[in-house]
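Chains, contacts and geometry: an overview
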Amino acid sequence: MSIYLAGVILVIAVSALLWKCIVYPFFFSPLASIPAAHPLAPFTSLWIQWQRLHGNDFQSVSKAFETHGPYVRLGPRELALNDIEAVSCVWGVGAADFDKHPSYTYWAMQGTSNTFTSILKSDHRRRHRRIRGVHKHSYIASSPHVRAIMSTLMVDRLTPLLAQFAMSSDGTADMLPIAQSIVLDCTSAFAFGLPLSLNFLSDAAARQHWFDLINTGFPNDQSSFWLREHPQLTIMLCFLGFPVVSNKVAKARRELEDWALLKVDAAEDVLQKRDKGHTLAAGKLPVLCDAVWSDLAMTHSETTKARFSISPAQRRELASECLDHIAFTTEAFATVLTYMIYEISHHQEIQNELRAELHSANNPLLGNTSDRTDVPSSDTLERLPLMSAIIKESLRLRNTSPSADPRVTPAHCTSRIGLIPNVPPKTRVCSYGWWLHRNPDVYSNPLDWNPKRWLCRGCDDAALAKKWFFAFGAGSRNCIGQNIALECNDSRTPRIASEPSTEYGGGLQPIIIKRDAWYQFSERVTGCSSGIGRAIAELVASKPGQRLIATARNPSSLSYLPNNDAILKLALDVTLTTSVEAAFKTAADHFGDNFHIDVVVNNAGYELAGDTEAATEEEMHGQLETNFFGTVRVATNATRVMRQSKDRRGGIIFNISSLAGVAAFPGQSFYHASKFAVEGWSESFARELHPDWNINVCIVEPGGVKTEFEHGSKKYTKTHEAYDGADMPARRLAAWVKKGVAAGAGVPPSAVAEALYLVASRNDKVPLWLPLSSTAAQLIKMKLEARLENLEAVKDLTPIDKK
Ligand code: HEM
């Protein structure tokens, strides 16, 4: 009987489970009619979680939008939307303002919430009310403190920097760090007052330290997945000895938090003094702290404002609010300002029109140089239609990196979202401004940067374009800092764009912008059979979210690499044009619409050693065919891919040259010839590329590398009898090199791989020449000094044009 009962209970339990996990979500859920982004999506969230873990969620959702349209199902209770009507039902006002997803607490300081991270509507309303007054346009435009902050940043800090760039040899400026400094200096001054603010425009080392802390404390890797999606599980895993998140994360966060707490204490002193009757000079008021502090004091019933002193919990709350405004607005602001300056500098016609518009306005920056002590007023800037259109268009295309800003439907009722009625409670919903802004039915030729679309009647439907504009979010929880952001953008651009052309050598120079490190695009590398290539392939394969095209003459030599979708192993003979073209085609077919190459390492090559007079025609041509023409073939094919999509242009081509491409030694003349050819060709080719394409060529010059050169990658000519004496230079050098190799000289290939990976992933200029190892640098220096000495030695013979 009891067995019978147990059997019945089991059947009921299994049926209930089947109903809950399979039948209901697939057939009866109100979300059942929405196309699934993946066959597993109706049944489990594991698929989308896996994509998030590997940093592929943006790409996967994009693909789903493309295949299935603007509504897609990512999990049993998870949706992605790409339709503004549906978005307005979720990111709206009142009942259409859904709670945020708990993953937002990732940005809260020590678990202390702030306006941005408050999850519940009710909590948000309370915090938002406190700070909204000082973020209103009327306050920003009229506050003497804000004017003083803007003026100090622009006139005292930015102007000398721009003058320095103007005087530099090429007049170019690396805009991203400047933009980052502007926003950090500005938001910290707004929070704590000018005397307590950051000064990164003048202190690059301090700025670097700040970014090290931010990048460590808020990493863009798998730890961020664990902390955002599964905070409790993460704590448990770390406790049980599975450190899915490094200790460095907490340490870096603590340093930032301690900094904010100290600033809050100092700002509170300023406010206490002010309330006792001290006058604060313009710019010294900690505006944001004052707003929160005053609200806390007002709601504190037992004491008067003058005697109010914050509790430890309120101190953390204040620091959390301020740190959020300072630390997490940098990426969005700096990205859009940099991109805007970049586009202006590449559109001469618009630049000229903008200059004319700025000169027509009442702009103190454009007067006599000595009068430039103030910034244009907000009202003046608002009357500049082209300026506003430029900002809007830049925000449209690059408001921030693609971010899903997740929300959750109310817990106690079903909701209508656009065309879907009865969306179940607690459904997670996401949307990307990135795609809303690229809808061709709303923005014609959406990938083109065309500020005129916001000005010209008949270009785009203005009302529709405005409706779909999502750069600052929407509804009750849209960006409270947008007036500050616009003020900074407005004020800085005239300063940069209106400088007289004589000072800046005829207008804005192209700005150097790193390849799309702002977005989560993966990197792919080609050219790796052994030595440096193998080290790079192994390194890239070990990084999560990276894709790799690994090539070798014989692909079985790539068995050291794991087999998975992110790694494509191909046969490639760089001496054959057809083989190179076929490899690129296979890669394009394999990766489909996602195909893009961010990084190429042009590494195929060998060394032909021996006596020049003994080399056969076949040997000398073979050396150039592989080392030089092979490099050219791969680089030109890669360039075609890197510039093909306007939306995702750019990349890095590492051409592996050598110390042997700069200085020549006896006994390997054709190897030197091939590497000198790589150097000369790369330098010329790099200069042929349009700056808009954002393709960077880097000539890599390692010294001695412990590669297989001394084994498999070296070929020898026959010995020539005339050169066969032990005292011949080539033989002496060979003996010396042999001793060095036996003694273990040279750097490991992994060191070269790490250096290249660093150049590809850091947020900085890509150098045209990259000597690797101090020996290589020293020998290159000696070579260049020898050339200078030679210039001096022949200076009487050289000026034949002056005779
Ligand atoms: C170009 C620059 C900026 C862009 C594109 C931008 C964009 C956004 C977006 C899209 C949101 C909504 C996020 C969400 O719903 O999850 C947001 C919220 C917010 N932003 Fe900005 N932002 C910028 C600059 C700033 C600045 C300079 C500040 C600080 C003064 C700031 C402070 C905030 C705050 C406090 C919130 C949360 C508002 C709330 O939940 O009520 N932002 N921002």
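Residues numbered from 1 in each chain as written. Predicted model: local features only at pLDDT ≥ 70, side-chain atom pairs only at ≥ 80, totals over all residues. Heavy atoms only, no water.

The next point concerns the site of the ligand. The immediate surroundings of the ligand are formed by 26 residues, with Tyr104, His124, Thr329, Arg407 and Cys479 found nearest. Between Tyr104 and the ligand, the recorded distance is 2.3 Å, taken from a side-chain N or O atom to an oxygen atom. Taking His124, its side chain carries an N or O atom lying 2.6 Å from an oxygen atom of the ligand. Contributions of two or more residues to the shell around the ligand are made by helix H5 (121–135), helix H15 (330–346) and helix H21 (482–497). (Near = heavy atom within 4 Å. Polar contact = N/O pair within 3.5 Å; in protein donor to acceptor, adjacent residues only side chain to side chain. Helix = DSSP H or I, 4+ residues; strand = E, 2+ residues; numbered from the N terminus.)

The next point concerns helix H16 (residues 348–360). With 13 residues, H16 should cover 18 Å at 1.5 Å per step; its first-to-last C-alpha distance of 18 Å lies within 8% of that length. When we look at burial in H16, the residues that qualify are Ile350, Gln351, Leu354, Arg355, Glu357 and Leu358. Within H16, the buried residues cover an arc of 165° as seen down the axis, which keeps them to one side. Away from its buried face by more than 90 degrees, H16 exposes Glu349 and Ser360. (Expected span 1.5 Å × (residues − 1). Buried < 20%, exposed > 50% of the residue type's maximum accessible area, 1.4 Å probe, protein only. Arc of directions from axis to C-beta.)

Another aspect to go through is the confidence of the model for the chain. Of all residues in the chain, 88% attain a pLDDT of 70 or more, and the chain-wide mean is 84. Across residues 366–373, confidence stays below pLDDT 50; counting only partners more than four residues off in sequence or on other chains, it has 14 contacts. Taken together, the stretch residues 497–527 has pLDDT below 50 and engages in 137 contacts with residues farther than four places along the chain or on a different chain. (pLDDT = per-residue confidence, 0-100. Contact = heavy atoms within 4.5 Å.)

If a strand is regular, its side chains alternate between the two faces of the sheet. Of all 5 residues that make up strand E8 (residues 548–552), 5 are buried, and the element is covered over most of its length. Pairing between E8 and strand E9 (residues 567–571): 5 bridges, direction parallel. Following the sheet pairing, Ala550 is matched in E9 by Lys569. (Pairing = 2+ DSSP bridges.)

This brings us to the pairing of strand E12 (residues 651–656). Where burial is concerned, most of E12 is hidden: 6 out of the 6 residues are buried. The alternating pattern of E12 places Gly651, Ile653 and Asn655 on one face and Ile652, Phe654 and Ile656 on the opposite face, and all of these are buried. Relative to E12, strand E10 (residues 599–602) runs parallel, the two being bridged by 4 bridges. Its bridge partner being in E12, Val599 is matched across the sheet by Ile652. In this sheet, strand E13 (residues 695–702) lies alongside E12 in parallel orientation, the contact comprising 6 bridges. Residue pairing across strands places Gly651 opposite Ile695, the latter belonging to E13. After leaving E12, the chain enters helix H25 (residues 669–688) and then returns to the sheet as E13, a path that is right-handed. (Right-handed = clockwise from strand over helix to strand, strands pointing away.)

We describe a pair of aromatic rings using the distance from one ring centre to the other and the angle between the two ring planes. Inspection of every chain in the model, using the stated rule, returns 24 aromatic pairs. Here the aromatic rings of Trp107 and Phe116 are separated by 6.0 Å at their centres, their planes lie at 70°, and the arrangement is edge-to-face. Look at Phe116 and you get partly exposed, because its relative accessible area is 33%. Taken together, the ring pairs in this structure connect Trp19, Tyr24, Phe26, Phe27, Phe28 and Phe43 into an aromatic cluster. Looking at Arg643, its charged tip hangs above the ring of Trp693, at a distance of 5.1 Å from the centre. (Phe/Tyr/Trp six-rings, centres within 6.5 Å; stacked < 30°, edge-to-face > 60°. Lys NZ or Arg CZ within 6 Å of the ring centre and 35° of its normal.)

Turning our attention to a nonpolar patch on the surface. A surface patch of nonpolar side chains, about 580 Å² in accessible area, is lined by Leu233, Met236, Phe239, Leu240 and Phe242. You can see Leu240 is positioned in the loop between helix H11 (231–239) and helix H12 (247–275). A residue is classified by how much of its surface remains accessible, and Leu240, at 54% relative accessible area, is exposed. (Patch = residues over 30% accessible without salt bridge, like charges linked within 9 Å, V, L, I, M, F, W, Y side chains within 5 Å. Areas by Shrake-Rupley, 256 points an atom, 1.4 Å probe, with all protein chains shown as cover. Salt bridge = Lys/Arg side-chain N within 4 Å of Asp/Glu carboxyl O.)

Here we take up the nonpolar core. By size, the foremost hydrophobic cluster in this structure holds 110 residues, and its most contacted members are Leu81, Phe192 and Trp210. Beyond its immediate chain neighbours, meaning those up to four positions away, Phe192 contacts Trp259, Ala260, Lys263, Val264, Ala267, Pro286, Cys289, Cys322 and Ile326. Membership of the second largest hydrophobic core comes to 31 residues, among which are Ala535, Ala537, Ala552 and Ile656. (Core = buried A, V, L, I, M, F, W, Y, C linked by side-chain atoms within 4.5 Å.)

The next subject is the sheet that holds strand E7 (residues 428–431). The sheet built from 5 strands is open, its strands ordered E1-E2-E7-E4-E3 with mixed pairing. Strands at the two margins of the open sheet, each flanked by one partner only, are strand E1 (71–75) and strand E3 (99–100). As defined by bridge partners, E1 adjoins strand E2 (residues 78–81) across 4 bridges and the pair is classed as antiparallel. Bridging from a neighbouring strand, Val72 pairs with Ala80 of E2. Of the strands in this sheet, E1 and E2 touch helix H3 (residues 57–68), which is tilted by about 135° from E1. (Axes fitted to C-alpha atoms, helices over the stretch in contact; angles between N-to-C directions.)

Between its first and last C-alpha atoms H5 spans 20 Å; for 15 residues at 1.5 Å apiece the expected length is 21 Å, and the two agree. When the local axis directions of H5 are compared, the greatest deviation, roughly 40°, occurs at Arg129. Buried within H5 are the following residues: His124, Arg127, His128, Arg130, Ile131, Val134 and His135. (Bend = angle between axes of the 7 residues up to and from the residue.)

What follows is about the side chain of His145. For His145, the position within the fold is in helix H7 (residues 144–167). A relative accessible area of 13% means that His145 is categorised as buried. If sequence neighbours within four positions are ignored, His145 has contacts with Leu280, Ala281, Ala282, Gly283, Lys284, Leu285 and Val287.

This brings us to the sheet that holds E10. An order of E10-E12-E13-E15 is seen for the 4 strands of this open sheet, with the pairing classed as parallel. Unpaired on one side and paired on the other, E10 and strand E15 (769–772) mark the two borders of the sheet. Across the sheet, the mean angle from the axis of one strand to that of its neighbour is 20°, orientation sign disregarded. Relative to the sheet, helix H24 (residues 617–642) contacts E10, E12 and E13, its axis offset from that of E10 by approximately 175°.

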